[in-house]
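Observations on the model geometry
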Amino acid sequence: MIASGMKEKLNKHQESARAFAEACRVLPGGVNSPVRAFDGVDAGPVFVASAKGSKIFDIDGNEYIDYVGSWGPMIVGHAHPSVIAAVEAAARKGTSFGAPTLAETALAQKIIDAFDSIEKVRLLSSGTEAVMTAIRLARGYTKKDIIIKMAGCYHGHSDSLLVAAGSGLAESAIASSAGVPDAIAKLTVVVPYNDIEAVKAALAKHKGNIAAVLVEPVGANMGVVPPINGYLQTIRRLCTADGVLLIFDEVITGFRLAFGGAQELFGINVDLTCLGKIIGGGLPVGAVGGRADIMDILAPTGPVYQAGTLSGNPIATAAASATLDILAEKGCYEKLESSSAKLEAGLAEAAKDAGIAVTINRVGSIQSCFFTDRPVRTFADVQSTDIQRFKKFFAGMLGRGIYLAPSAFEAMFVSLAHSTDDIERTIEAAGASFREIG
Ligand SMILES: *Cc1c(COP(=O)(O)O)cnc(C)c1O
């Protein structure tokens, strides 16, 4: 039984396995971004041939309902006709000029209209650049060096932010990537997510030296971990009292939880906002925006330097504007909410029927199904869930045509393209997959 099942599974992904072996000869680990290698699920990756709407198609001819959505950007679905049309039209007029265009001003205005806290915006090419620029701005503006971040929050791969808590103590910042000098890691103080006392302690301990508190308003890179009641509001109050800037990393949550991001959903006014993923509509775009007095210290008006050959690239900007235009239409967020709520309820019921303990955390169209019978509020909570069970669940779902993120520490992303039929098929597959691991 097991042997033939395994064989079938291998045959199903024969071309992907061959392609991966070939890729490994020329790309470190066979991929250009680590999680794509499927290391988190003890398997090899699926090589994608194409995608349309809620579906992706691999090079073996398998079809999947996709809950990765390129890790967030594809909120309107893959290959949306108006995004593709915008990209094609832009490409015909030239792919890059390195000079200002009308489209950049128009996109900036759309972002400013969407976010109450944003008066000016700089367009860049990735979320990493957005957060890197935000902390440089915060340091330049406050003339302080220390950044407080939360364990389990991901802010891209710049040196200052590849730091996670060793022991959960504020002062125990260690570089979690080789190649990040301790001298830089030391300037990043890590506290547990959802622990307001730890933020207070860190603010007190480093008082007078702190540039900013940086947080994902909804943790979405350790699976989905929502803020506990009052968490974000209290951080806002503490930052204001101490003259510390508050930066929301809304690279995932911006234009996803609401058009105006998590700050709209929770009613928080922040100093700087980092955007990425969705604003590119599947092309490389990042943005940092915020108060004009802070943004204006960026070069060329101010002393904080930042630049980019492809920043505001016309094709990327066209995809971005087309995507935001779709999301601005009435009813989008209601549709995302109802599809996602249906999925959440279905998964919960399927797990219960199979006798599998799960905790599902959901905010709008992002959710995570953790294998545990306890609430999940911190990175440590996530780490204590049953990762082996997740791996089996992942394999069961992939075999049934459901493409989940290949890691227990990632979210499920629902898009506007997910139909009722997609959600029902997913719940059915989940039922079978839960029963298999039970
Ligand atoms: C993905 C992500 C980033 C980094 O964005 P890239 O475009 O991958 O550089 C930063 N912050 C958060 C919250 C993210 O999810």
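The structure displayed is predicted, hence computed values, not measured ones. (Residues numbered from 1 in each chain as written. Predicted model: local features only at pLDDT ≥ 70, side-chain atom pairs only at ≥ 80, totals over all residues. Heavy atoms only, no water.)

Time to look at the side chain of His155. As for its position among the elements, His155 is in the loop between strand E5 (146–150) and strand E6 (163–165). Taking the relative accessible area as the measure of exposure, His155 reaches 1% and is therefore buried. (Helix = DSSP H or I, 4+ residues; strand = E, 2+ residues; numbered from the N terminus. Buried < 20%, exposed > 50% of the residue type's maximum accessible area, 1.4 Å probe, protein only.)

Evaluation of the coordinates by the stated rule reveals 3 cavities of 30 Å³ or more. Of all the elements in the fold, those that place two or more residues in the lining of the largest cavity are strand E14 (366–370) and helix H14 (387–399). It is E14 that contributes the most residues to the lining of the largest cavity, 4 residues altogether. Across the lining of the largest cavity, the residue classes tally to 10 nonpolar, 4 polar and 2 charged. Within this model, the second largest cavity holds a volume of roughly 60 Å³. Gly53, Asp66, Gly69, Gly72, Met74, Ile75, His78, Arg256, Phe413, Val414, Ser415 and His418 together form the lining of the second largest cavity. Here the residues of the lining of the second largest cavity sort into 4 nonpolar, 6 polar and 2 charged. (1 Å grid on protein atoms, 1.4 Å probe; cavity = no way out; pocket = protein on both sides within 12 Å on 5 of 7 lines; lining within 4 Å. Points joined across faces, edges and corners; volume = space filled by probe spheres on them. Nonpolar A, V, L, I, M, F, W, Y, C, P; charged D, E, K, R; others polar.)

Moving on, we come to the packing of helix H12 (residues 332–354) against helix H15 (residues 420–437). Between H12 and H15, whose axes approach to 9 Å, the crossing angle comes to 20°. Classified by the interaxial angle, the pair formed by H12 and H15 is roughly parallel. Crossing angle aside, the handedness with which H12 passes H15 is right-handed. From H12, Ser339, Lys342, Leu343, Gly346, Leu347, Ala350, Ala351 and Ala354 reach across to H15, where they touch Thr420, Ile423, Glu424, Thr426, Ile427, Ala430, Gly431, Phe434 and Arg435. Partitioning the contact of H12 with H15 into residue classes produces 9 nonpolar, 5 polar and 3 charged. (Axes fitted to C-alpha atoms, helices over the stretch in contact; angles between N-to-C directions. Parallel < 35°, antiparallel > 145°, perpendicular 65-115°, else oblique. Left-handed = near helix turned anticlockwise from the far one by under 90°. Contact = heavy atoms within 4.5 Å.)

Of the voids in this model, the second largest pocket is the one considered here, and its volume is about 520 Å³. Around the second largest pocket, the lining comprises 21 residues; the ones closest to its centre are Arg36, Val46, Val48, Trp71 and Tyr403. Grouping the constituent residues of the lining of the second largest pocket by class yields 14 nonpolar, 5 polar and 2 charged.

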